[in-house]
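Inside the fold
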Amino acid sequence: DGLVPVITIDGPTASGKGTVAHGVARRLGFAVLDSGALYRLTALASLRRGIVATDEQAVAAVAEALDVRFDGGHIYLEGHEAGHDIRQEQVGNFASQVAAFGSVRQALLARQRAFRRPPGLVADGRDMGTVVFPDAVLKVFLVADVNARAERRRKQLMEKGISAKLQDLLRDMRERDARDTQRAVAPLAPAADAHTLDSSRMTAQETVQAIMELWQAKAKAEA
Ligand code: CDP
Ligand code: CDP
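Computed from a predicted structure; not experimentally measured.

Focus on the UniProt feature "domain: Cytidylate kinase" (unreviewed entry) in the protein chain
Cross-referencing UniProt, the feature "domain: Cytidylate kinase" (unreviewed entry) maps to residues 7-215 in the present numbering. Taken end to end, residues 7-215 comprises 50% helix and 16% strand; its first and last C-alpha atoms sit 9 Å apart.

As structure tokens, this is what we get:
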């Protein structure tokens with residue numbers, strides 16, 4: 001397992017992790033792990049059972065028994081396509097609340113590590129480099145200033161026909177940032193050996209390129 005290379009991309013919301021992870025994975029022929037989707041799936045399954053976000057034990061039991069399948073860009077929860085439903089705001093909020101529970105994080109740990117398979121994996125989230133894959137060959141901490149991130153999110157929503165006020169997005173983003181960085185268990189933070197990349201003024205393509213260069217430099221150094 002330790003021989004299968006992992007590239008981790010951690011960072012705050014809308015820093016471009018998902019987009020860039022897919023770009024890098026495509027270039028290398030690697031698999032991808034969208035760890036946030038697992039937290040969102042746990043949230044969706046809990047909401048459907050009428051569980052509240054403060055009930056740690058019940059949510060952890062849901063995470064433990066989660067019946068999910070990732071298949072060619074589609075996500076299935078209990079056999080039904082759930083890729084659209086997990087993107088709802090209510091689901092994201094529930095996910096970010098229960099992500100603070102140690103037992104929920106523990107329940108999802110083995111499931112995340114199971115994504116590691118040859119020829120390699122690109123994993124994005126908050127604690128990929130610090131907790132889930134501490135032995136990753138390349139760790140990237142992807143940041144962008146909050147204004148750039150809010151603007152990106154606004155555009156992304158606009159493309160889906162949803163209009164949102166920049167002020168509201170900024171407020172929600174600061175709240176989510178605070179919750180992710182201040183929690184006691186696996187807070188959002190760069191691993192000691194992570195490369196911090198500021199993409200505020202970079203396109204997704206340029207960011208993918210920058211990570212490919214880090215990867216190539218690493219391969220060269222090891223050869
Ligand atoms: O909403 P956003 O796109 O920022 O987040 P996401 O990546 O879809 O993840 C949803 C929530 O799960 C985040 O707000 C985090 O609190 C949590 N999460 C986490 O704690 N650890 C991860 N590795 C990934 C997500
Ligand atoms: O996964 P995360 O929440 O970190 O971000 P994302 O969903 O990959 O990216 C949020 C939005 O920003 C997407 O619409 C990306 O296309 C866009 N983006 C960008 O405009 N510039 C970048 N350098 C990276 C992403």
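Remarks on the environment of N93
Within the secondary structure, N93 is located in helix 4 (residues 89-98). Using a relative accessible area of 28% as the deciding quantity, one classes N93 as partly exposed. N93 has contacts with R176 and R179, leaving out every residue within four places of it along the chain.

Some details on the pattern of salt bridges
Applying the stated criterion to the full structure yields 14 salt bridges. Put simply, R87 and D34 hold a salt bridge, and the shortest N to O gap is 3.2 Å. On the criterion of sequence distance, the pair formed by R87 in the loop between strand 5 (80-81) and helix 4 and D34 in strand 2 (residues 31-34) is long-range, its members being 53 residues apart. By relative accessible area, which is 40% here, R87 ends up partly exposed. The salt bridge partner of R69 is D71, with a shortest N-O separation of 3.1 Å. Taking relative accessible area as the criterion, R69 reaches 43% and is therefore assigned partly exposed. Through salt bridges with shared partners, one network takes in R126, D180 and R183.

Focus on helix 4
Among the residues of helix 4, V91, G92, F94, A95, S96 and V98 are the ones counted as buried. Among the structural elements, helix 2 (35-48), helix 3 (56-64), helix 5 (102-113) and helix 8 (166-182) are those in contact with the buried residues of helix 4.

A word on the sheet that holds strand 3 (residues 68-71)
Strand order in the open sheet formed by three strands is 3-4-5, and the pairing between neighbours is antiparallel. Looking at the sheet topology across the chains shown, the edges are occupied by strand 3 and strand 5. Strand direction decides the pairing type here: strand 3 and strand 4 (residues 74-77), joined by four bridges, are antiparallel. Bridging from a neighbouring strand, F70 pairs with I75 of strand 4.

Overview of the site of ligand 2
Every one of the 15 residues lining ligand 2 counts as a neighbour, but A14, K17, G18, T19 and M202 are closest to it. Within the side chain of R152, an N or O atom sits 3.3 Å from a nitrogen atom of ligand 2. In the model, a nitrogen atom of ligand 2 is placed 3.2 Å from a nitrogen or oxygen of the A204 main chain. Protein burial of ligand 2: of its 540 Å² of free accessible surface, 77% is covered by the chains.

A closer look at the site of ligand 1
In the vicinity of ligand 1 lie 17 residues, with T13, R40, R126, R176 and D180 positioned nearest. Within the contact set of ligand 1, an oxygen atom lies 2.6 Å away from a side-chain nitrogen or oxygen of R40. Protein coverage of the free-state accessible area of ligand 1, which is 510 Å², stands at 94%. Secondary-structure elements contributing two or more residues to the shell around ligand 1 are helix 2 and helix 8. Counting residues per element, the shell around ligand 1 draws most heavily on helix 2, which supplies four residues. For the shell around ligand 1, the class distribution of residues is three nonpolar, five polar and nine charged.

What counts, and at which threshold
- Residues numbered from 1 in each chain as written.
- Chains lettered and ligands numbered in written order.
- Predicted model: local features only at pLDDT ≥ 70, side-chain atom pairs only at ≥ 80, totals over all residues.
- Heavy atoms only, no water.
- UniProt positions renumbered as here; feature names shortened; annotations may be inferred.
- Helix = DSSP H or I, 4+ residues; strand = E, 2+ residues; numbered from the N terminus.
- Buried < 20%, exposed > 50% of the residue type's maximum accessible area, 1.4 Å probe, protein only.
- Contact = heavy atoms within 4.5 Å.
- Salt bridge = Lys/Arg side-chain N within 4 Å of Asp/Glu carboxyl O.
- Pairing = 2+ DSSP bridges.
- Near = heavy atom within 4 Å.
- Polar contact = N/O pair within 3.5 Å; in protein donor to acceptor, adjacent residues only side chain to side chain.
- Areas by Shrake-Rupley, 256 points an atom, 1.4 Å probe, with all protein chains shown as cover.
- Nonpolar A, V, L, I, M, F, W, Y, C, P; charged D, E, K, R; others polar.

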